[in-house]
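# Coordinate analysis (summary)
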Amino acid sequence: MPVLRPLHAGWTLRSAGPVPHGDGPVPATVPGCVHTDLLAAGLIPDPYLDANELDLAWIGRTPWVYETTFDAQDVAADRVDLVALGLDTVATVTLNGVELGRTANMHRGYRFDVRSVLRPTGNRLEIRFDSAYEYALAVRDAVGARPNAYEEPFQYIRKMASNFGWDWGPTLVTAGIWQPIGLQSWSVARLAEVRPLVRVDGTDGVLDVHVKVERAADTPLTLTATVAGVTATATLAPGETEATVQVRVPDVRLWWPRGHGAPDRYDLDVTLHDDASVLDTWQRRIGFRTVALDTTADADGTAFTLLVNGTPVFVRGVNWIPDDAFVTRVDRERYAARIGQALDAGVNYLRVWGGGRYESDDFYDLADEHGVLVGQDFLFACAAYPEEEPLGSEVAAEAHEQVLRLMSHPSLVMWVGNNENLWGYQDWDWQAALAGRTWGEGYYLRVLPGIVAEVDPTRPYLPGSPYSGDAALHPNDPAHGTTHIWDVWNTHDYRHYATYRPRFLAEFGFQAPPAYATLRRAVSDDPLTPTSPGVLHHQKAGDGNGKLARGLTGHFPAPDGFDDWHWATQLNQARAITFGIEHFRSLKPLCMGTILWQLNDNWPVTSWSAIDGDGRRKPLWFALRRVYTERLLTVQPRDGVPTLIAVNDSTTAWQATVDVRRLTFSGDPCAKATLVLDVPAGGTLTLPLPADVVTPDDPSREVIVVDGGPDRTTWYFAEDIDLNYPAASTDVVVHPTADGHTVEVTARTFVRDLTLFADRLDPAAEVDRQLVTLLPGETVTLHITGGTTLPAPDDHAWRTSPALRTANDLTAG
């Protein structure tokens, strides 16, 4: 059978052009890339530290050669193929001095018939990678320049766009054998394509398996497909290369997204054989479910509601970018950790952004396993893309291969043509610069939807994100379809979110620096300041620090020193996203989804992420966990009056009693009401509050506190800068435990957003809660895990800045 025999051993790497360190070969890891090989050989510094990235730009402009030797005495078959599942990017493949082919697409695999070239021993395989820059610039010169968001030629080559840098990522233009490579021997025939189309018919699961075979002999073939103990068979007469079998599974268990039921899956086994033997097999785990979009026009515009198994799902999503600029360093364990962090924050949807990569099978398998929904962008982002050759045919081949690869995953519920290119054409002054040249519209409106319709008609396709559903509408109209909100952060205060009533929010975000330990590891500046060179280098957004400072205006005073800047900007990020998500969720069912930009980082950087480049959770992550809970209590202004909104995304009714109090910061009661909740499954309830609860005597010294929900909810009558917080006073008791420490913090005064930064005490330490608001006399117990150099329990460091912080610190006194 055609099992891939890996060719991952014995590789060396050498430069094919002038380099600073000499061009002699070094050991190479396959899969891998030039940067990681040079780093492992000690020839370059870590590109993520300080400004080393700038000193290593030559790597992406240099040609490189990978070489290995291997024996093939045991190869005896009708065909022997060299299969390269991913070459990054401009490659010439040569075996024993015979050129097998040239490639120019990171996002697809290649197969070369090598039987006539192979030797029993001493085979030499060479793959030369020419500069991606040189190739891209040559294409640009041939087809004409087109606008994009950055001064890099990423749209002229089918390569991960963010390799060329982004407003959160480094410019590290990689090259290398980034996916498995090996020999595949086969005889008679092999399974060239398997397309499992899943649907549900009443209580039955129906699977149509469409197969294409590649032949080396014209003999009769038999195809079988087995699911849940049910087998179906088809025959292929001599010369036939396509067949379809249908399997019907009675009383099928459906795959459900997280929070709606179990993500049940079944093993699918497909076998190809002739009269003599099994020729090839193909296995996947599939899920039976339906997916659709409700885009019904209504009085407010056009709905955008995701339906899974006919049930509306409110999307609590995050945008996913490659978790490392060097993507081969992201293994299943790392995917599991990062997706686990998303799950722990209440996330039910991951949008794979179009400037990265089609993620590995591990990513989608983990999403399937955990019931996480996935929306997949095709890989076009923030640029006008040429449709001429050599790119046009590459795009079509890439899309066909990736749709075919990913379609078996039940978690995948949506294909999206691009990120922001329809919007860019409309609003970013592209049209004059294009002067009638192609810009990608043909991909998004014809090529990609055609491929999805042909290969995977079971899922919705959208031409882009944002997209309003009709070419006559502005592509980023909040009243229709999906929306990106970026005036908040770029030009507007975060309270501007309240002016929006979007149907579905696919991008929005607010920046903050990474965890202190992450920044300190990556930047050697002494002293560390918001404007020290290394900190600025790890801020890639245009005027990023200026926007951070302006974002504090009206909320907090200008910070005094690095520690206050770091705390204030991280807290403000959490506040901004909390404000936005609570507002958008309170609009349910008008708004049926929010996808935060962004979950993760690909290196240590100041960005919009909730989890930084070293995998540490920012305060935003803890805020997200509270606002992405299935059942949310939020106080929102309705006609200018604070009003309690209960949002229930769960599948059961929510019945509870909640206490609503207006208190002074001293803890003195001013007014109280007890309310009864009865919120239907998937519903929203609006509860007006009594006038004495919502009318303050002193707006600068009072708070509304709501208890009885999943977490405490608060409402303030003014911004922090206008509130008369008391100076925070706490008692802290630290106890060593078997797995770390407990930290009991008792408030002597009102304290808002109490946060213990465990990484300030030990870079390996983590805390389980942040952003806790306590009334005088209340106690919270925090759990610290990890770390081997934590201070002694009585050490003052546990009890003061920069480890222990509150919002009071930034304004009181």
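Everything here concerns the structure above.
In this report, the structure presented in the accompanying data block is examined. (Residues numbered from 1 in each chain as written. Predicted model: local features only at pLDDT ≥ 70, side-chain atom pairs only at ≥ 80, totals over all residues. Heavy atoms only, no water.)

### A word on helix α4 (residues 332-344)
Between the first and last C-alpha of α4 there are 18 Å, a value that for 13 residues agrees with the 18 Å anticipated at 1.5 Å per step. What α4 keeps buried is the set Tyr 335, Arg 338, Ile 339, Gln 341, Ala 342 and Leu 343. Tucked inside the fold, the buried residues of α4 contact β27 (315-320), β28 (349-352), α5 (361-370) and α15 (619-627). In the segment just after α4, Gly 346 is the residue with positive phi, at about 90°. (Helix = DSSP H or I, 4+ residues; strand = E, 2+ residues; numbered from the N terminus. Expected span 1.5 Å × (residues − 1). Buried < 20%, exposed > 50% of the residue type's maximum accessible area, 1.4 Å probe, protein only. Contact = heavy atoms within 4.5 Å.)

### Remarks on the sheet that holds strand β20 (residues 266-273)
Spatial ordering of the open sheet is given by β18-β17-β20-β21, a layout of four strands whose pairing is antiparallel. The open sheet terminates on both sides in strands that have one partner only, identified here as β18 (230-236) and β21 (278-286). Recorded for the sheet is a direction-independent mean angle of 15° between the axes of neighbouring strands. Examined bridge by bridge, strand β17 (residues 221-227) and β18 share seven bridges and lie antiparallel to one another. Across the sheet, residue Thr 222 finds its bridge partner in β18, namely Thr 235. (Pairing = 2+ DSSP bridges. Axes fitted to C-alpha atoms, helices over the stretch in contact; angles between N-to-C directions.)

### Remarks on the sheet that holds strand β5 (residues 79-84)
The strand order across the open sheet formed by four strands is β1-β14-β5-β9, and the pairing between neighbours is antiparallel. Strand pairing shows two members of the sheet lacking a second neighbour, β1 (4-6) and β9 (110-113), which therefore form its edges. With strand direction ignored, the average angle separating the axes of adjacent strands in the sheet is 30°. Sheet analysis places β1 next to strand β14 (residues 181-186), joined by three bridges and oriented antiparallel. Each residue of the ladder has a partner; that of Pro 6, found in β14, is Gly 182.

### Side note on helix α3 (residues 132-143)
The end-to-end C-alpha distance of α3, which contains 12 residues, comes to 16 Å, matching closely the 16 Å that a straight helix rising 1.5 Å per residue would cover. All buried positions along α3 are accounted for by Ala 132, Tyr 133, Tyr 135, Ala 136, Val 139 and Val 143. Buried residues of α3, viewed axially, fall in a sector of 165°; they line one side. Opposite its buried face, α3 presents the exposed residues Glu 134, Asp 141 and Ala 142, each directed more than 90 degrees away. Each element contacted by the buried residues of α3 is listed here: β7 (90-95), β8 (98-104), β10 (123-130), β11 (164-166), β12 (169-171) and α6 (391-406). (Arc of directions from axis to C-beta.)

### Section: the packing of helix α14 (residues 562-586) against α15
At a closest axis distance of 8 Å, the pairing of α14 and α15 adopts a crossing angle of 20°. As judged from the angle between their axes, α14 and α15 are roughly parallel. Our pair here, α14 against α15, has a crossing hand that is right-handed. Along its contact with α14, which presents Gln 570, Gln 573, Ala 574, Ile 577, Thr 578, Ile 581, Glu 582 and Arg 585, the element α15 presents Pro 619, Leu 620, Ala 623, Leu 624, Arg 626 and Val 627. Here the residues of the contact of α14 with α15 are counted per class, giving eight nonpolar, three polar and three charged. (Parallel < 35°, antiparallel > 145°, perpendicular 65-115°, else oblique. Left-handed = near helix turned anticlockwise from the far one by under 90°. Nonpolar A, V, L, I, M, F, W, Y, C, P; charged D, E, K, R; others polar.)

### A few points about the pattern of salt bridges
This model, assessed by the stated rule, comprises 59 salt bridges. For the salt bridge of Glu 99 with Arg 102, the shortest nitrogen-to-oxygen distance reads 3.0 Å. For Arg 102, a relative accessible area of 62% puts it in the exposed group. The residue Arg 712 makes a salt bridge to Asp 707 at a minimum N-O spacing of 2.9 Å. Here the residues in one salt-bridge network are Arg 79, Asp 81, Arg 111, Asp 113, Arg 190 and Glu 214, joined through shared partners. (Salt bridge = Lys/Arg side-chain N within 4 Å of Asp/Glu carboxyl O.)

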